[in-house]
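# Working through the structure, step by step
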Amino acid sequence: MCGILCIFRGECQQHNNHDAVNGCVEKRLDSRSLREIAFQASSKQRHRGPDHTGVLVDEKEQFALVQERLSVIGVKTGNQPFTSTDGTVHLVANGEIYNFRQMASAVNENRKVVSYEPRSDCDVLGAYYEQYGPEALLTTVRGMFAFVLYDRKEKRLLVARDPVGIIPLYVGWDADGALWFASELKCLVEHCPEVQVFPPGHFFYGRREEYKPKRYFNPSWNKEIPNNAVDLQELRHRLETAVESHLQCEVPMGALLSGGLDSSLIAAITARKLQERSGKRLKTYSIGLPGAGPDLHYARLVANHIGSDHTEIHFSVAEGLDYIRDAVYHAESYDVTTIRCIVPVMLLARYIRSEGLKMVLSGEGADELFGGYLYFHRAPTVGEFHHETVRRVQGLHLSDCLRANKGCAAWGLELRVPFLDTDFIQYVMSIRPEDRAPGGEGKLEKYILRRAFADGDYLPVEVLWRQKEQFSDGVGYSWIDTVSQWAAGRVSDEEFSQAATRFPFATPNTKEAFYYRLLFEERFGAGSATQTVQRWVPRTDWGCAEDPSGRKQDVHCGVKHHDEGSK
C-alpha cells in the first residue's frame, strides 16, 4: 500500500525557452519550486508509505511525480518513481500486481537483447506498456492498483484504476488548469478548487488537456442478468486460487479475523496455504469491546480450529470516540457506516503495525458479490437482487474498499482482499441470481459460499452457518448505540432544523450524520470534495430500515441457521 501524487502543468504557452518557462513557474507558484509544492502536498498522505519518498520533477516539461512507499515486494529494488532504460517512460503506482511474474515473462518473449527482471511487482506496468501498449496492459494485469505513467516520447499520460477501486485515486484541477492526481483527497483540496474521484475500471490515455477517462472493465453482468448455474467445487477452487495469488510478500504478514464467515474463510485458506508453503502459523487479529462483541467469541473458535497464532485487541467506547475526528480525516468521508466502521479498523491496524507486520488479508467484498447484507432478504425479485449486487459492487470504492484501505493505510499497513480478485469477481457475478440470493426456509445469505466450503473441515459449523453480523455491530452493540448518541449530542435541534439549507447536497438525515458532515467540511471544505462521498444505506424502497446497522433489519437473528452440510 503506497501513496502517489502527480502534477502535470505543461509549458506556459507564451514562452518557448527553458529559462522563460522556469521564470513563469516561479511566479505562478509564489516562489516555491514545483518540487517543493509536490513534496509538501504529498506529505499529507505519507502515512500510506512510511518507508521511502521518491520524487521526480521536470521543470521544463512541468510535471512532478511523487510516491510514498510501503515496501512489500522488491524491498531493496522497488523504490519509485520508475524510469525506463531509455529515460522516456516514468511511472508511479500504488497497489499490488498479482500476475507480475507472468507479465514479466511475456515482456521477455519480445525482448531481443537484455532479459527483463522486474524491480518490483509494479515495475512490470511500465515494461508491459512499452512492449504491448495501454490496451493490452489493462486487459492483462490482475491486481489492486492505481497508477500514473508518463510517456515523454508520445507526450501522453496513462492513468488507470483497478476494476472495483480497491485502491483510491482522486483527480483535481488547480486555478492554473494543471492536472493533479493523488491517492488521498487531502493532498488536493488545498490546491484544487475542483476535485473528483477517478472512477474504478477506467483509464485515461492522452495529453493532459484531453483528460477524459474511459471504461476498460465492462463485463456483461453489469447490465444483463446471468443464467449460469453455480458449480460449488469450481467456486471453492476459484477462491482458493485467489487467496494463493494474494500471498506473494517479502515482509511479515497476517490476516484479519472478525469471526464472521468472510474473514474466517480467508483466514482458513491462508492458514492452510502458509502451512503448506513454509510450515509457519498464520497470525490472526480481531478487535472488540471487552466482553461485549459477538465477533470475539467466534474469532476464537476459528483461530483454534485453523491453528492460527491469534491476538485479541480490546478497546473501550471512550477510546473509540477519541478517534472520531481522525476517522473522518483518514476516511475522507462523512458516511455514517464508514465512520462507525473505520474507528475499530484504525485501532486494529495500529496494533498490528506495532508488531512489525506490513500486510494483512481480509474478507471485504463477499457481501457485495453474494448479497450478504441482511436487507437482501427483502429483494422483491431475483432480477432486483442481481441489479442491487451490481450496484453494491460498483460502489465498493466509496464504501467498504475505502474504509478498509484508508483505515489500514492510516498506520502504514497494506490490506489485501481476495474476494475482489478480478477473476473471482467475474466468476461469481456471472452466477445466476437465484443461486446467489437468500430466501426460503433456512437459506441464509451467501448460501452457496457456505455450501462450497461445507466439506473439508475449513471452519467450525457454528461459524460456517452463522448469520451475517456487520462489522461495526460485531465489535460490540454498545459501540454503535453510544457513538450515535454521542455524535447526536453535539448537534442542537436548531442546527439540525437548518440541515437542508446548510447542506443542500446529500442533506444529513440524522444528527449523527450532520455531525460527521461538519467534521468533514472542517477538514476538506464545502466545495466539490463533498461530492466525492457516497452514503451507504439499505434499500428503503424494499421496506428496509434506513439505519445501516444490520440489527435494524427485521431478519436479524430471525433466519434459521440450517446446516445443510450436516445432512
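Residues numbered from 1 in each chain as written. Predicted model: local features only at pLDDT ≥ 70, side-chain atom pairs only at ≥ 80, totals over all residues. Heavy atoms only, no water.

Let us look at the overall build of the protein chain. Looking only at helices and strands, the protein chain features 23 helices and 17 strands. For a compact globule of 567 residues, the expected C-alpha radius of gyration is about 24 Å, and the protein chain comes in at 24 Å, within 12% of that figure. Projected onto its principal axes, the C-alpha positions of the protein chain cover 80 × 65 × 45 Å. Across the 567 residues of the protein chain, 61% fall into the buried class. Summarising the internal contacts of the protein chain: among those between residues at least 6 apart in sequence, 73% fall at separations of at least 24. Total accessible area on the protein chain is roughly 21700 Å²; 45% of this is exposed by carbon and sulfur atoms. (Helix = DSSP H or I, 4+ residues; strand = E, 2+ residues; numbered from the N terminus. Rg over C-alpha atoms; globule rule 2.2 N^0.38 Å. Buried < 20%, exposed > 50% of the residue type's maximum accessible area, 1.4 Å probe, protein only. Contact = heavy atoms within 4.5 Å. Areas by Shrake-Rupley, 256 points an atom, 1.4 Å probe, with all protein chains shown as cover.)

Quick look at the environment of Thr530 now. Here Thr530 shows up in the segment after helix H23 (511-524). With relative accessibility at 4%, the residue Thr530 sits in the buried group. The spacing of Thr530 and Ala506 is 24 residues in sequence and 8.6 Å in space, taken between C-alpha atoms. The residues touching Thr530, leaving out its near neighbours within four places in the chain, are Tyr334, Phe505, Arg517, Phe520, Glu521 and Gly525. Among the polar contacts made by the side chain of Thr530, one reaches the main-chain carbonyl oxygen of Gly527 at a distance of 2.9 Å. (Polar contact = N/O pair within 3.5 Å; in protein donor to acceptor, adjacent residues only side chain to side chain.)

Okay, the state of the cysteines next. Here the structure, examined in full by the defined rule, presents zero disulfides. Looking at the unpaired Cys6, the closest cysteine sulfur is the one in Cys187, lying at 11 Å. Free cysteine Cys192: the closest other cysteine sulfur is in Cys187, separated by 10 Å. (Disulfide = S-S within 2.5 Å.)

The next point concerns the confidence of the model for the protein chain. Of all residues in the protein chain, 91% have pLDDT values of 70 or greater, and the mean over the chain is 91. Contacts for the low-pLDDT stretch residues 12-27, under 50 throughout, to residues beyond four places or in other chains number 16 contacts. (pLDDT = per-residue confidence, 0-100.)

So, on to the side chain of Arg161. Of note, Arg161 is situated in strand S7 (residues 156-161). Although Arg161 is buried, it makes no salt bridge; Asp162 carries the closest opposite charge, 5.4 Å away. A polar atom in the side chain of Arg161 sits 2.7 Å from the backbone oxygen of Phe198. (Lys, Arg positive; Asp, Glu negative; His and termini not counted. Salt bridge = Lys/Arg side-chain N within 4 Å of Asp/Glu carboxyl O.)

Moving on to the packing of aromatic side chains. Scanning the model with the defined rule gives 33 aromatic pairs in all. An angle of 25° between the planes, with centres 6.1 Å apart, marks the rings of Phe8 and Phe63 as stacked. Of this pair, Phe8 sits in strand S1 (residues 3-8) while Phe63 sits in strand S3 (residues 63-69), and the two are 55 residues apart along the sequence. Like Phe8, the residue Phe63 is buried in the burial classification. With 6.4 Å between their ring centres and 50° between their planes, Phe370 and Phe424 make a pair best called tilted. One end of the pair, Phe370, is in helix H12 (residues 366-370); the other, Phe424, is in helix H15 (residues 422-429), and 54 residues separate them in sequence. The residues Phe370 and Phe424 share a single accessibility class, namely buried. Here the aromatic residues Tyr373, Tyr375, Phe376, Phe385, Trp536 and Trp542 are joined through ring pairs into a cluster of three or more. Sitting above the plane of the Tyr334 ring, Arg517 keeps its charged end 4.4 Å from the centroid. (Phe/Tyr/Trp six-rings, centres within 6.5 Å; stacked < 30°, edge-to-face > 60°. Lys NZ or Arg CZ within 6 Å of the ring centre and 35° of its normal.)

Scanning the entire structure with this criterion turns up 38 salt bridges. Residues Glu68 and Arg46 are paired through a salt bridge, measuring 2.9 Å at the closest nitrogen-oxygen approach. Residue Glu68 is found in strand S3, and its partner Arg46 is found in the loop between helix H2 (34-42) and strand S2 (52-58); the two are separated by 22 residues along the sequence. Judged by relative accessible area, Glu68 falls into the buried class, the value being 0%. Linking Arg392 and Glu388 is a salt bridge whose minimum nitrogen-to-oxygen distance equals 3.7 Å. One end of the pair, Arg392, and the other, Glu388, are both in helix H13 (residues 382-394), four residues apart, so they sit about a helical turn from each other.

Moving on: empty space enclosed by the protein. Considering all chains together, one arrives at eight cavities of 30 Å³ or more under this definition. The computed volume of the second largest cavity comes to approximately 110 Å³. As for the second largest cavity, its lining consists of 16 residues, of which Cys2, Arg69, Leu70, Gly95 and Asp121 are closest to the centre. Secondary-structure elements contributing two or more residues to the lining of the second largest cavity are S3 and strand S5 (89-97). The element best represented in the lining of the second largest cavity is S5, accounting for four residues. Split into classes, the residues belonging to the lining of the second largest cavity amount to six nonpolar, seven polar and three charged. (1 Å grid on protein atoms, 1.4 Å probe; cavity = no way out; pocket = protein on both sides within 12 Å on 5 of 7 lines; lining within 4 Å. Points joined across faces, edges and corners; volume = space filled by probe spheres on them. Nonpolar A, V, L, I, M, F, W, Y, C, P; charged D, E, K, R; others polar.)

This paragraph deals with helix H10 (residues 324-331). The buried fraction of H10 amounts to six of the eight residues, a majority that puts the element mostly inside the structure. The set of residues buried in H10 consists of Ile324, Ala327, Val328, Tyr329, His330 and Ala331. At its buried positions, H10 is contacted by helix H9 (317-322), helix H11 (336-354), helix H14 (400-409), helix H20 (477-488) and H23. Directly beyond the C-terminal end of H10, a positive phi value near 55° is found at Glu332.

Quick look at helix H7 (residues 261-278) now. Given a rise of 1.5 Å per residue, 18 residues ought to cover 26 Å, and the 26 Å separating the end C-alpha atoms of H7 matches this to within 8%. Among the 18 residues in H7, 13 count as buried, and that is most of the element. (Expected span 1.5 Å × (residues − 1).)

Before going further, it helps to examine the sheet that holds strand S17 (residues 414-416). Across a sheet, paired strands are connected by hydrogen bonds in the backbone, their directions being either parallel or antiparallel. In space, the five strands of this open sheet follow the order S15-S14-S13-S16-S17, with parallel pairing throughout. At either end of the open sheet lies a strand with only one pairing partner, and these are strand S15 (309-314) and S17. On average, each strand axis in the sheet is tilted by 30° relative to the strand beside it, whichever way the strands run. For strand S13 (residues 253-256) and strand S16 (residues 359-361), the ladder comprises three bridges, and the chain directions are parallel. In the sheet register, Gly254 faces S16, and the bridge partner there is Val360. (Pairing = 2+ DSSP bridges. Axes fitted to C-alpha atoms, helices over the stretch in contact; angles between N-to-C directions.)

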